[in-house]
There are 2 protein chains.
Amino acid sequence: MPAQTIGHVAKASGTPIETIRFYEREGLLPEAPRTMSGYRLYDESTVKRLRFIARAKALGFTLAEIRDLLALQDNPASNKTGRAEVKAITERKLDDIEHKIADLQRMQKVLSHLAHECSGKGGVAHCPIIETLSGIEDCTHPEHR
Amino acid sequence: MPAQTIGHVAKASGTPIETIRFYEREGLLPEAPRTMSGYRLYDESTVKRLRFIARAKALGFTLAEIRDLLALQDNPASNKTGRAEVKAITERKLDDIEHKIADLQRMQKVLSHLAHECSGKGGVAHCPIIETLSGIEDCTHPEHR
DNA sequence: ATAAACCCTAAAGTCAACTACAGAGTCAAG
DNA sequence: CTTGACTCTGTAGTTGACTTTAGGGTTTAT
């Protein structure tokens with residue numbers, strides 16, 4: 001196993017050096033072995049682990065969730081029931097994401113409606129966007145619901 | 001105009017007292033007039049303003065954007081061209097939201113695929129979720145793209 | 001008259017996920 | 001043997017939208 005310094009791992013994984021040290025502090029990476037002079041030494045598995053973290057982040061997992069996923073992966077005891085937990089974490093995240101999408105779609109609906117209603121010309125006085133945010137019931141076009 | 005203390009406004013608007021003071025510091029609310037002893041005094045318009053803020057927040061506007069919207073509403077000079085700016089802010093926000101939705105839908109797609117692939121039974125060893133996050137090319141079902 | 005309930009300020013803390021110092025030691029090349 | 005690139009630790013700063021704390025005045029009800 002050829003040992004690499006933190007800078008090499010940073011380049012190979014695309015993760016900044018500071019972030020690698022941060023992940024170690026946060027328990028996403030094990031404490032690295034050191035040279036006599038205190039430099040951290042890594043092997044290829046660390047690069048893979050950092051790529052795992054990057055992919056999981058891209059899917060919306062938080063660092064806390066990723067830490068749990070990695071712990072399951074690391075723990076030999078999780079070779080009995082681990083998959084259920086992994087699936088549970090994934091499904092919770094899926095649920096989160098579906099809620100967020102639903103929220104955003106509600107916002108989108110209202111905003112695109114407002115953007116269409118507003119001519120963009122003239123003063124703010126009877127701007128339908130401002131009026132809606134102000135909670136005015138009787139807009140100039142009260143036919144909507 | 002019956003003047004109310006901050007506590008009444010908090011109750012009437014559903015905004016915590018501390019948050020009202022925070023909004024004043026941040027320029028979303030004008031500085032309130034005070035009693036001789038330094039208590040802030042508000043009238044109904046503040047309650048309306050706080051409701052405006054709450055609605056705008058619910059639609060995903062940041063406090064900075066809300067401040068801009070309120071400034072346009074307040075500024076008599078904006079009664080010439082203000083509506084264009086209001087519409088621009090709204091459309092930028094709509095754009096943001098559409099991007100966020102697209103991102104989340106990409107995550108959702110991958111995660112729901114993973115959740116279906118994984119039985120949830122057994123150890124973490126060949127869990128398809130873990131394997132995908134680990135970047136393994138040849139899954140047991142490599143037919144997907 | 002005193003206690004409960006309310007208000008004030010300024011400053012610090014919270015969360016997430018980094019990012020950026022400052023100050024010092026180490027290693028490879030010329 | 002010195003310069004420059006690299007690494008170390010520990011601490012502090014960033015963003016957004018608050019929340020909390022400490023320490024003190026004020027008002028209202030009994």
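Residues numbered from 1 in each chain as written. Chains lettered and ligands numbered in written order. Predicted model: local features only at pLDDT ≥ 70, side-chain atom pairs only at ≥ 80, totals over all residues. Heavy atoms only, no water.

Novice: Residue-level account of the relation of the copies chain B and chain A, with values.
Specialist: Expressed as a screw transformation, the operator carrying chain B onto chain A has a rotation angle of 179° and an axial translation of 0.1 Å, and the superposed copies differ by an RMSD of 0.4 Å. Expressed as a symmetry operation, the mapping of one chain copy onto the other fits a two-fold axis. Considering only C-alpha atoms, the residue of chain B closest to the rotation axis is I101 of chain B, which sits at 3.1 Å. Interface overlap between copies is the fraction of interface residues in one copy that are interface residues in the other; for chain B against chain A it reaches 98%, indicating a shared surface. (Least-squares fit on C-alpha atoms with pLDDT ≥ 70 in both. Contact = heavy atoms within 4.5 Å.)

Novice: Please provide a residue-by-residue account of the protein's contact with DNA strand C, values included.
Specialist: As a structural note, the neighbourhood of DNA strand C is formed by 20 residues, with S37 and Y39 of chain A together with R21, R34 and R40 of chain B the closest of them. Sugar and phosphate atoms form 80% of the subset of DNA strand C atoms that lie within 4 Å of the protein. Between DNA strand C and Y39 of chain A, the relevant distance is 2.7 Å, taken from a base nitrogen to a side-chain nitrogen or oxygen of the residue. Contact distances for DNA strand C include 2.8 Å between a phosphate oxygen and a side-chain N or O atom of R34 of chain B. Among the secondary structure elements, those contributing two or more residues to the surface near DNA strand C are α2 (17–25) of chain A together with α1 (6–13) and α2 (17–25) of chain B. (Near = heavy atom within 4 Å. Polar contact = N/O pair within 3.5 Å; in protein donor to acceptor, adjacent residues only side chain to side chain. Helix = DSSP H or I, 4+ residues; strand = E, 2+ residues; numbered from the N terminus.)

Novice: Describe the interface of chain B and chain A, with residues and values.
Specialist: Taken together, the 53 residues of chain B in the interface contact 52 residues of chain A. Buried surface at the junction of chain B and chain A, both sides included, amounts to about 4,500 Å², of which 72% is carbon and sulfur. The three residues of chain B that bury the most area against chain A are R83, L111 and L133 of chain B, which together make up 18% of that side's buried surface. For the pair chain B and chain A, the number of links is zero salt bridges. Inspection of the chain B/chain A interface yields 18 residue pairs in polar contact (both at pLDDT 80 or more). Of all the secondary structure elements, the ones that give two or more residues to the side of chain B that touches chain A are α3 (44–58), α4 (63–74), α5 (82–117) and α6 (128–133) of chain B. Per element, the largest residue contribution to the side of chain B that touches chain A is 22 residues, and it comes from α5 of chain B. Grouping the constituent residues of the side of chain B that touches chain A by class yields 26 nonpolar, 18 polar and nine charged. (Buried area = accessible area lost by both parts, 1.4 Å probe. Salt bridge = Lys/Arg side-chain N within 4 Å of Asp/Glu carboxyl O. Nonpolar A, V, L, I, M, F, W, Y, C, P; charged D, E, K, R; others polar.)

Novice: Which residues make up the packing of aromatic side chains, and what are the values?
Specialist: All names here are of chain A. Tallied over the entire structure, the rule returns two aromatic pairs over all chains. Centre to centre, the rings of F22 and Y23 are 5.9 Å apart; their planes meet at 45°, and the pair counts as tilted. Judged by its relative accessible area of 29%, F22 is partly exposed. (Phe/Tyr/Trp six-rings, centres within 6.5 Å; stacked < 30°, edge-to-face > 60°. Buried < 20%, exposed > 50% of the residue type's maximum accessible area, 1.4 Å probe, protein only.)

Novice: Could you give an account of the protein's contact with DNA strand D, with specific residues and numbers?
Specialist: G7, R21 and R40 of chain A together with T19 and S37 of chain B are the nearest of the 20 residues found near DNA strand D. In the interface set of DNA strand D, defined as its atoms within 4 Å of the protein, sugar plus phosphate atoms amount to 80%. Here a base oxygen of DNA strand D and a side-chain polar atom of E18 of chain B are 3.5 Å apart. A distance of 3.0 Å separates a phosphate oxygen of DNA strand D from a polar side-chain atom of K57 of chain B. Mapped onto the surface near DNA strand D, the elements with two or more residues apiece are α1 (6–13) and α2 of chain A together with α2 of chain B. Here the residues of the surface near DNA strand D are counted per class, giving eight nonpolar, six polar and six charged.

Novice: Can you break down α4 of chain B residue by residue, with the values?
Specialist: An ideal rise of 1.5 Å per residue puts 16 Å on 12 residues; α4 of chain B measures up with 16 Å between its terminal C-alpha atoms. The set of residues buried in α4 of chain B consists of E65, I66, L69, L70 and L72 of chain B. Projected onto a plane normal to the axis of α4 of chain B, the buried residues spread over an arc of 155° and lie on a single side. Next to the buried residues of α4 of chain B lie α6 (128–134) of chain A together with α3 and α5 of chain B. (Expected span 1.5 Å × (residues − 1). Arc of directions from axis to C-beta.)

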